[in-house]
Amino acid sequence: MTVTEDQGPDLAALEADFDRTVAAEGRVEPRDWMPEGYRKTLIRQIAQHAHSEIIGMQPEGNWILRAPSLRRKAILLAKVQDEAGHGLYLYSATETLGVDRGELTEKLIDSKQKYSSIFNYPTLTFADIGVIGWLVDGAAIVNQVPLCRSSYGPYARAMVRICKEESFHQRQGFELLQTLMAGTDAQREMVQDAVDRWWWPSLMMFGPADGDSPNTQQSMAWRIKRHTNDELRQRYVDMTVPQAEALGVTLPDPELRWNDEREAHDFGDIDWDEFMQVVKGAGPCNAQRLASRRAAHENGQWVRDAATAYAAKQAARASEGAMSA
Amino acid sequence: MDTHSPHPGHDENVYDALSTADDDGRWAFGTGFDAGDAEITAPAPEGVDRADVATYCLMLADDALIASQRLAGWTAKAPELEEEVALANIALDLLGQARVLLSRAGHLGAAEPYRVGPQDDEDVLTYFRDDRAFRNVTLAETDLGDFGRTIAWILVFAAWRLALMQRLTGSRDPVLAAVAGKAVKELTYHRDYAAQWVLRLGDGTELSHARMQAGLDGVWPHVEELFLAHDVERRLVEAGVAVDPAELRGDVDAVVAQVLPAATLTRPETPAVGLVGGRGGRDGVHTEALGGVLALMQSLARAHPGATW
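The shown structure was predicted, so the numbers you read here are calculated from the model rather than taken from an experiment.

1. Looking at the overall build of chain B
Part 1: When you go through chain B residue by residue, the secondary structure sums to 12 helices and 0 strands.
Part 2: Traced from its N-terminal end to its C-terminal end, chain B shows the element sequence α-α-α-α-α-α-α-α-α-α-α-α.
Part 3: When burial is assessed residue by residue, chain B has 57% of its 309 residues classed as buried.
Part 4: The contacts of chain B with a sequence gap of at least 6 include a subset with a gap of at least 24, amounting to 79%.
Part 5: Summed over its atoms, the accessible surface of chain B is roughly 12000 Å², and 52% of this surface lies on carbon and sulfur atoms.

The structure is reproduced here in C-alpha cells:
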C-alpha cells in the first residue's frame, strides 16, 4: 500500500521525489507515494468522470427502444454499452486509489459527488442522439485527450482507451446528422432544433471560466490537468465551427465569428446562471437522472447480495473439500 | 500500452491519431453481415417453396428481434455494470442474428407487401409490419420482469435456440446454415451466462432463491410452445431446410435438469398458456404484450414513412 504523509522523517524526501517525477512528465503509479491532496483530487475527478459515463447512459438509452432503423439501434446499443465499459475502467482506476465502486455509487445517489451537467438535459428527438455524439462527445474528447498524458498512470491509460472509443462515437454521431441533413425537411428541422438546444450546454462542459475555477491551478501543477477550461473551450469552438458548416446547421450564437487577430473564433457570453442552476441540481433532468440511478442500484441490491452469499458458500465448500481431502 | 502513446506537447497529434484511427471494422458492429453478406442473395434451395423459406426466416428473425428489444429494456437498469455490459452483449448478438435473417426473408420477397418507403428490407419488416404478421414464439415477447425472471428467460430461450441453431448448421439453405454457425457460439455464451446466475440466485440468499424460483415459474407457461411445429416448419423439415422443434425438447430438458437441482431450484409445474383456436405465435396470434412492444419500437419510423435514418 501507499505510504501516507504522517510517516515521519522521509516525508520531505518523498515529496521531493514525487515533485521531480511529475515535473519530468513521469507517471505516478498506485504504489508510489503521493500527497493526500493529489489523491483526493484524482478520486474526485475520476469518480466524477465515471459517474458521468453511467448517468450518460440514460439520455441515450431513452431512444434505444425507438431507434428508427436496426442499424441505428445496433450502433446506439453498442455505444451505451461502451459507456458502461468506460464506467467500469474508471471505477477500477479509483480502486487503485483506495476507494471502491460501491462507496462511490452511494456518494453519487446521495448527491455528494457530481457528474457532468450536460446529462441533465433531455433527449427530445432522435436527432439528439446524433448531436450528443457530435457535440457532447466532441467536447468530451477535447477535455479528455490531454488526460491521456495525466500524471497518474492508471487514469492516463484508461483515458487512452476511452478517447479512442469516444472519437468513434463522435464520428457515428456526425454520420447520423449527415444522413438526417440529406433526408426530409422534418429530419433537417429535427437536427437544427437539437443543435439549438445542445450548443450552449456543450460549451458549459468545460467548466467555469478560468477566473472562477478554483481547482485548475493546483491540478495543472500536478499535471492532472494540462490546459485551462477556457483554452479547451476555445479549441472546441474552433474545431466545431467548420464541422457545423460542413453539416449545414447554424450554431445558435449571433456573436460567433472568426477573429483574424486572435486566429480564433469569438463567441457570445455563456449563461453562467443557467450553468450554476444545473450544477446545483435544478436542471431539467437532475432529479429524474438521480432517481433512476438510485432505483437501479436499490433494485439490484438483492442480486448483488446473492452473488456475495453464493461466493461465500462456494469458498466454504472449497475449504471443507480441501480439509477432508 | 499501445501505439497511441502520447508525447508531451503533442495533443493535436494525439487527437489526429485518435480521430483517424482505422475503426472501420467497428462500423459493422452488431450487424452480423460481415460473414454472410454475399450469401443473402443466394437462391432458395432447389425444390423448396421460396415463400416457405421466407416465412421460416421471419420466424427465427422475429424470435431474436423481439427478444433483443426486450433485453435492451434493461439499459441503465441492471444490478451491476458487468450485467449492464453482458445484457447489452446478448441483445446485440440477437439483433445481429435478426438482421441477417430479416434481410434474407426480404430477399425472398417477404418485405414487398409492407413497403411504403425507401427503407431497407430489414427495416420494412421491422417497422411496417403489424403484430399479426410477426411470427415469433410468445416467450420472446413476454415481460422480462425482475432480474430473476430475466435470467430464467435467457436460460430457457438460449438453451432452446442453441439446440435449434446447432441442428440448423446442416440446413440446405446456405444463409440459414451460416447464421446458425455464428449463432451457436453466441448462444452458448448466453446460456452459460444465464446458468451461472441461476446458480448464484438459486443458491444465494433466501430472497434470491424465492425470486429465481418465481422467475422460472413465470416464464414456464411459454416453454411448451417452443416445441410445437408449424406447417411451414414441417414442410421445410421434409426438405432438409428447417429443424423440427419437437426434437429440441430433450436438449432443453437436459439443461434444466442439470442447472436447477444444482441451484436448489425445482422444475416448475405451472401449466402452459393456452393457444387461441389452436394458433400461437408462429401463426401470428400473440399475447397482449406484443402490441405494446411494437408500438414503442415502431413509433418513430412510422411517423416518418418516407424517411431513412
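Text resumes after the structure shown.
2. Considerations on the overall build of chain A
Part 1: The helix and strand tally for chain A stands at 12 helices and 2 strands.
Part 2: Element order for chain A, N to C, with α for helix and β for strand: α-α-α-α-α-α-α-α-α-β-β-α-α-α.
Part 3: Each principal axis of the C-alpha distribution contributes one length, and for chain A these read about 75 × 50 × 30 Å.
Part 4: Counting all 325 residues of chain A, 56% fall into the buried class.
Part 5: By sequence separation, contacts in chain A at least 24 residues apart represent 78% of the contacts at least 6 residues apart.
Part 6: Summing over all exposed atoms, chain A offers an accessible surface of approximately 13500 Å²; the carbon and sulfur share of this is 52%.
Part 7: Each charge sign in chain A was given a centre, from 36 positive and 47 negative side chains, and these centres are 6 Å apart.

3. Here's the deal with the side chain of Arg 293 of chain A
Part 1: Structurally, the position occupied by Arg 293 of chain A is in helix α11 (residues 286-299).
Part 2: It turns out Arg 293 of chain A is buried and unbridged, and the closest side chain with the opposite charge, Glu 80 of chain B, is 5.8 Å from it.
Part 3: The contacts of Arg 293 of chain A, once residues within four sequence positions are left out, are Ile 54, Ile 55, Gln 58, Thr 105, Leu 108 and Ile 109 of chain A.

4. As for the environment of Met 323 of chain A
Residue and element names in this part refer to chain A.
Part 1: With respect to the secondary-structure elements, Met 323 resides in helix α12 (residues 301-324).
Part 2: Looking at Met 323, the relative accessible area reads 68%, which means it is exposed.
Part 3: Sequence separation between Met 323 and Ala 47 is 276 residues; the distance between their C-alpha atoms is 43 Å.

5. Side note on unusual backbone geometry
Residue and element names in this part refer to chain A.
Part 1: Residue Glu 25 is not a glycine yet carries a positive backbone phi of 65°.
Part 2: Among the secondary structure elements, Glu 25 is positioned in the loop between α1 (11-23) and α2 (36-61).
Part 3: The backbone of Ser 111 shows a phi angle near 60°, a positive value even though the residue is not glycine.
Part 4: Residue position: Ser 111 is located in the loop between α4 (101-109) and α5 (127-144).

6. Considerations on the interface of chain A and chain B
Part 1: On the side of chain B, 68 residues touch chain A, which itself brings 68 residues to the contact.
Part 2: Summing both sides of the interface, chain A and chain B together bury roughly 5900 Å²; the carbon and sulfur share of this comes to 67%.
Part 3: The largest share of the area that chain A buries against chain B comes from Leu 65, Leu 70 and Trp 302 of chain A, three residues that together contribute 14% of it.
Part 4: When the shortest N-O distance is used, the salt bridge between Arg 101 of chain A and Glu 80 of chain B registers 2.8 Å.
Part 5: Viewed at the interface, chain B and chain A are joined by 15 residue pairs in polar contact (both at pLDDT 80 or more).

7. Considering the confidence of the model for chain B
Residue and element names in this part refer to chain B.
Part 1: Averaged over all residues, the pLDDT of chain B equals 90, while 88% of them reach at least 70.
Part 2: Taken together, the stretch residues 1-38 has pLDDT below 50 and engages in 66 contacts with residues farther than four places along the chain or on a different chain.
Part 3: This complex was scored by the predictor with a pTM of 0.92 and an ipTM of 0.93.

8. Section: helix α8 (residues 174-202) of chain B
Helical periodicity: at 3.6 residues per turn, an α-helix aligns residues three or four positions apart in one direction.
Residue and element names in this part refer to chain B.
Part 1: Counted at 1.5 Å a residue, the expected span for α8 with its 29 residues is 42 Å, and the 41 Å between its end C-alpha atoms agrees.
Part 2: At Ala 183, α8 is deflected by roughly 30°, the largest bend along its length.
Part 3: Of the residues that open α8, the one with a side-chain oxygen 3.2 Å from the backbone nitrogen of Val 175 is Asp 173.

9. Section: the nonpolar core
Part 1: Core analysis: the biggest nonpolar cluster contains 196 residues, and Trp 134 and Tyr 236 of chain A together with Tyr 56 and Phe 147 of chain B have the highest contact counts within it.
Part 2: Examining the composition of this core, we find that 15 residues originate from one element, helix α7 (residues 147-168) of chain B, more than from any other.

10. Section: the pattern of salt bridges
All names here are of chain B.
Part 1: Applying the stated rule across the entire model yields 36 salt bridges over all chains.
Part 2: Across the pair Arg 99 and Glu 122 runs a salt bridge whose closest N-O atoms are separated by 2.8 Å. Here Glu 122 lies in helix α5 (residues 121-127) and Arg 99 lies in helix α4 (residues 81-107), a separation of 23 residues in the sequence.
Part 3: Measuring nitrogen to oxygen at the nearest pair gives 3.0 Å for the salt bridge that ties Glu 112 to Arg 115.
Part 4: Residue Glu 112 is classed as partly exposed on the basis of its relative accessible area, which comes to 46%.

11. Thoughts on the packing of α4 of chain B against α7 of chain B
Helix-helix packing is characterised by the crossing angle of the two axes and by the distance between the axes.
Residue and element names in this part refer to chain B.
Part 1: Between α4 and α7, whose axes approach to 13 Å, the crossing angle comes to 35°. Note on packing geometry: the crossing formed by α4 with α7 is left-handed. Mapping the contact onto sequence places Glu 83, Leu 87, Ile 90, Leu 94, Gln 97 and Leu 101 in α4 and Phe 147, Thr 150, Ile 154, Phe 157, Arg 161 and Met 165 in α7.
Part 2: Counted by class, the contact of α4 with α7 contains 8 nonpolar, 2 polar and 2 charged residues.

12. Details of the packing of helix α3 (residues 50-72) of chain B against α7 of chain B
All names here are of chain B.
Part 1: It is the contact of α3 with α7, at a shortest axis distance of 12 Å, that shows an interaxial angle of 155°. By the angle class used here, α3 and α7 are roughly antiparallel. Relative to α7, the crossing made by α3 is left-handed. Facing Tyr 56, Leu 60, Asp 63, Ala 64, Ala 67 and Leu 71 of α3, the residues of α7 in contact are Thr 150, Trp 153, Ile 154, Phe 157, Trp 160, Arg 161, Leu 164, Met 165 and Leu 168.
Part 2: Partitioning the contact of α3 with α7 into residue classes produces 12 nonpolar, 1 polar and 2 charged.

What counts, and where the lines are drawn
Residues numbered from 1 in each chain as written. Chains lettered and ligands numbered in written order. Predicted model: local features only at pLDDT ≥ 70, side-chain atom pairs only at ≥ 80, totals over all residues. Heavy atoms only, no water. Helix = DSSP H or I, 4+ residues; strand = E, 2+ residues; numbered from the N terminus. Buried < 20%, exposed > 50% of the residue type's maximum accessible area, 1.4 Å probe, protein only. Contact = heavy atoms within 4.5 Å. Areas by Shrake-Rupley, 256 points an atom, 1.4 Å probe, with all protein chains shown as cover. Lys, Arg positive; Asp, Glu negative; His and termini not counted. Charge placed at Lys NZ, Arg CZ, Asp CG, Glu CD. Salt bridge = Lys/Arg side-chain N within 4 Å of Asp/Glu carboxyl O. Buried area = accessible area lost by both parts, 1.4 Å probe. Polar contact = N/O pair within 3.5 Å; in protein donor to acceptor, adjacent residues only side chain to side chain. pLDDT = per-residue confidence, 0-100. Expected span 1.5 Å × (residues − 1). Bend = angle between axes of the 7 residues up to and from the residue. Core = buried A, V, L, I, M, F, W, Y, C linked by side-chain atoms within 4.5 Å. Axes fitted to C-alpha atoms, helices over the stretch in contact; angles between N-to-C directions. Left-handed = near helix turned anticlockwise from the far one by under 90°. Nonpolar A, V, L, I, M, F, W, Y, C, P; charged D, E, K, R; others polar. Parallel < 35°, antiparallel > 145°, perpendicular 65-115°, else oblique.

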